Amino acid sequence: TERLNQVQGRVYQSGCNAVLGDGRCTIALDLPAYRTTAALSGFDAQGRIVIDGQTGFADRWFERGQLLVLTGASAGLAVMIRADKLTGTGRVIDLWHETGASLAPGDTVQLTAGCDRRATTCQTKFDNFLNFRGFPHIPGEDWLTSYPVRSRANDGGSLGG
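Summary of the structure given here. (Residues numbered from 1 in each chain as written. Predicted model: local features only at pLDDT ≥ 70, side-chain atom pairs only at ≥ 80, totals over all residues. Heavy atoms only, no water.)

By size, the foremost hydrophobic cluster in this structure holds 27 residues, and its most contacted members are Ile49, Leu67, Ile93 and Leu111. Those elements giving two or more residues to this core turn out to be strand S3 (49–52), strand S4 (66–69), strand S5 (78–86), strand S6 (90–95), strand S7 (108–112) and helix H1 (119–124). Those residues in contact with leucine 67 that sit more than four places away from it in its chain are Ile49, Leu77, Ala78, Val79, Ile81, Ile93, Leu95, Val109, Gln110 and Leu111. (Core = buried A, V, L, I, M, F, W, Y, C linked by side-chain atoms within 4.5 Å. Buried < 20%, exposed > 50% of the residue type's maximum accessible area, 1.4 Å probe, protein only. Helix = DSSP H or I, 4+ residues; strand = E, 2+ residues; numbered from the N terminus. Contact = heavy atoms within 4.5 Å.)

With that settled, consider the environment of threonine 55. Here threonine 55 shows up in the loop between S3 and S4. Each C-alpha atom, one on threonine 55 and one on glutamate 141, is 38 Å from the other, the two residues being 86 residues apart in sequence. Leave out the neighbours within four places in its chain, and threonine 55 touches Leu86, Thr87, Gly88, Thr89, Gly90 and Arg91.

Judged from the three bridges that link them, S4 and S5 form a sheet pairing that is antiparallel. For leucine 68, the partnering residue across the bridge sits in S5 and is alanine 78. Of the pairings in the sheet, the one linking S5 to S6 comprises five bridges and is antiparallel in character. Paired with leucine 86 across the two strands is arginine 91, which belongs to S6. Hairpin connection of S5 to S6: three residues between the antiparallel strands. (Pairing = 2+ DSSP bridges.)

The seven strands are arranged S1-S7-S4-S5-S6-S3-S2 in an open sheet whose pairing can be described as antiparallel. Strand pairing shows two members of the sheet lacking a second neighbour, strand S1 (35–39) and strand S2 (42–43), which therefore form its edges. In this structure, S3 lies alongside S6, joined through four bridges in antiparallel fashion. Directly across from isoleucine 51, in S6, lies its bridge partner arginine 91.

Another point: the packing of aromatic side chains. If you walk through the whole model with that rule in mind, you get seven aromatic pairs. Residues tyrosine 34 and phenylalanine 126 carry aromatic rings whose centres are separated by 5.4 Å and whose planes lie at 40 degrees to one another, so their mutual orientation is tilted. Taken together, the residues span a long stretch of sequence, with tyrosine 34 in the segment before S1 and phenylalanine 126 in the loop between H1 and helix H2 (141–144) at a distance of 92 residues. For the pair tyrosine 34 and phenylalanine 126, one class covers both residues: buried. A ring pair is formed by phenylalanine 57 and tryptophan 61, whose centres lie 6.2 Å apart and whose planes are at 35 degrees; its orientation type is tilted. Here the two residues phenylalanine 57 and tryptophan 61 agree in accessibility, since each one is buried. Among the aromatic residues, ring-to-ring pairing joins Tyr34, Phe57, Trp61, Phe62 and Phe126 into one connected group. (Phe/Tyr/Trp six-rings, centres within 6.5 Å; stacked < 30°, edge-to-face > 60°.)

Structural measurements only, silent on function.
Structure below.
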């Protein structure tokens, strides 16, 4: 059944189909611009991870990235980051799921940048548009359901403008 799991051609979609940091993407995630190490400060009222400092990265920089636990009971476990909010004193990290073992204040973690697979992100965040593996100008579903109207130009252009 493994032969059925092999890629056969390309999928034409607006988002990138490369994995951030793989050979097709070519971003080196081990560079300091995309990765940092920090100690957990604690947890907020909703149970999200609080990290003091680490304000040198933009808001949502690590969103869709990875949190790797380096020390403590969960050492060695990696979890995907759901949300990353920059605060005045640091960051609040929300994970997609629990680590399986408890995290505690003082545990050291490594945060790696994430990508939402959009062309704009590839160009502005990673300066890597030449390796973008999607089709950002492919018509969306709204194009399939459109119809001509007198109040709008019917020239085949974008429906949004």
